[in-house]
Amino acid sequence: MAVGKEIRSKIKSVENTKKITKAMEMVAASKMRKAQDRMRHARPYSDKIRNITANLSQANPEYHSAYMRVTETPKAIGFIVVTTDKGLCGGLNTNILRAVTAKIREVQQAGGTVQTVAIGNKGFGFLNRVGAQVVSHVTQLGDAPQLDKLIGPVKVMLDAFVEGRIDAVYLCYTKFINTMKQEPMVEQLLPLNSSRLEQTAEEKKAYGWDYIYEPDAPTVIEDLLTRYIEALVYQAVAENMASEQSARMVAMKSATDNAGNLIAELKLVYNKTRQAAITKELSEIVSGAAAV
C-alpha cells in the first residue's frame, strides 16, 4: 500500500505542524496580555505630560514652539513607520504598509519629497525594497520596547523638522482596538495640532496652578513637548506590539484549525484507500477460489 503509506506520511507531517502552531498560539496569547498591560500603563504618562504642557503653553501665550510651526504648502514629508520584527501575524504589516505606500504616493504626486524612519524589521526591509529614503532605523526591540532605543532614530526626524528641512511628520502604526480588530493608522505627529493640547474643564481645574521655571519657561516647555512627542511614539510602538501578538494569536489559531480540518480530510482519504485495497484483495481471493 504505497499510496496509504504516502497519506500516512502527510498526516504525520500536518500533525507536527499543528503542534507547532498550537504552541505558537499559546505563546502569543501569553505575550498579548503582557503587551496590553504595557500599552495601558503607558497612557497615564503621556496624558500627564500633555496636561502639564497644555497648561504651561496657555500660561505663556507669547511663546510659540518650533514643533507647532505650520507650513502652508508642505513639500518635504517625514514618515515614522512602526512595524513588527517578526512575521506570522496575518495581514498586520501588509495593511499598515499599504496605507503608508498610498500616503507616500500621494505626497510624491503632489511634487513633495519623502524621508522615513523605520521601527521594526519588516518596515525597514519594505522601505528599502521600494526605494524610500530611510534616514534612520531601529530593529529587534524585543517584547518590551525601551524608550532609550527609540529616542535616537526619532530625534533625527524631530531635529530635521525643527531645522526646517521637513515640513510635516506622520506617525504610522497599527492601533489596538480589541483582540480581533487592529486598525492601521497614519496620523500627523508634527506640527503639533492645538487640538492635541486642549484640556477639559476637569483637567484645567486639576492643572490650574502656576509654576516656577528653571532656567526659563521656553526651555521647560520645549523639553516637555519633546518628551510628549517621544511618549506618543512609544505609545504607538506599544499599541503595535499589542496588535502584533493579538494578530499572531488569531493567525496561529486559524492555522491550527485548518490543520485539524486537513488531518480529518486526509484520514478520510486514507480510510477510503485502505478500504478499496482490502476490497480488491478479497475480490482476488474470491476469484481465485472460484477458478479452482
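Below: a short report on this structure. This is a predicted model, so every value here is computed, not measured. (Residues numbered from 1 in each chain as written. Predicted model: local features only at pLDDT ≥ 70, side-chain atom pairs only at ≥ 80, totals over all residues. Heavy atoms only, no water.)

A count of helices and strands for the protein chain gives six helices and five strands. Secondary structure elements in the protein chain, listed N-terminal to C-terminal, are α-β-α-β-α-β-α-β-β-α-α. Against the globule reference of 19 Å for 292 residues, the protein chain gives a C-alpha radius of gyration of 28 Å, more extended than a compact globule. With the principal axes as the frame, the protein chain shows a C-alpha extent of 115 × 45 × 30 Å. When burial is assessed residue by residue, the protein chain has 41% of its 292 residues classed as buried. In the protein chain, 77% of the contacts between residues at least 6 apart in sequence involve partners at least 24 apart. (Helix = DSSP H or I, 4+ residues; strand = E, 2+ residues; numbered from the N terminus. Rg over C-alpha atoms; globule rule 2.2 N^0.38 Å. Buried < 20%, exposed > 50% of the residue type's maximum accessible area, 1.4 Å probe, protein only. Contact = heavy atoms within 4.5 Å.)

Let us look at the sheet that holds strand β5 (residues 181-190). Each strand in a sheet pairs with another by means of backbone hydrogen bonds, the pair being arranged parallel or else antiparallel. The sheet built from five strands is open, its strands ordered β3-β2-β1-β4-β5 with mixed pairing. Edge positions in the sheet fall to β3 (134-138) and β5, since each has one partner strand and no second. Strand-to-strand, the axes of this sheet are offset by a mean angle of 20 degrees, without reference to chain direction. Looking at chain direction, strand β1 (residues 76-82) and strand β2 (residues 113-119) are connected through seven bridges and run parallel. Each bridged residue has a counterpart across the sheet, and for V81 the counterpart in β2 is A118. Against the sheet, helix α4 (residues 147-162) engages β1, β2, β3, β4 (168-178) and β5, with an angle of about 160 degrees to β3. (Pairing = 2+ DSSP bridges. Axes fitted to C-alpha atoms, helices over the stretch in contact; angles between N-to-C directions.)

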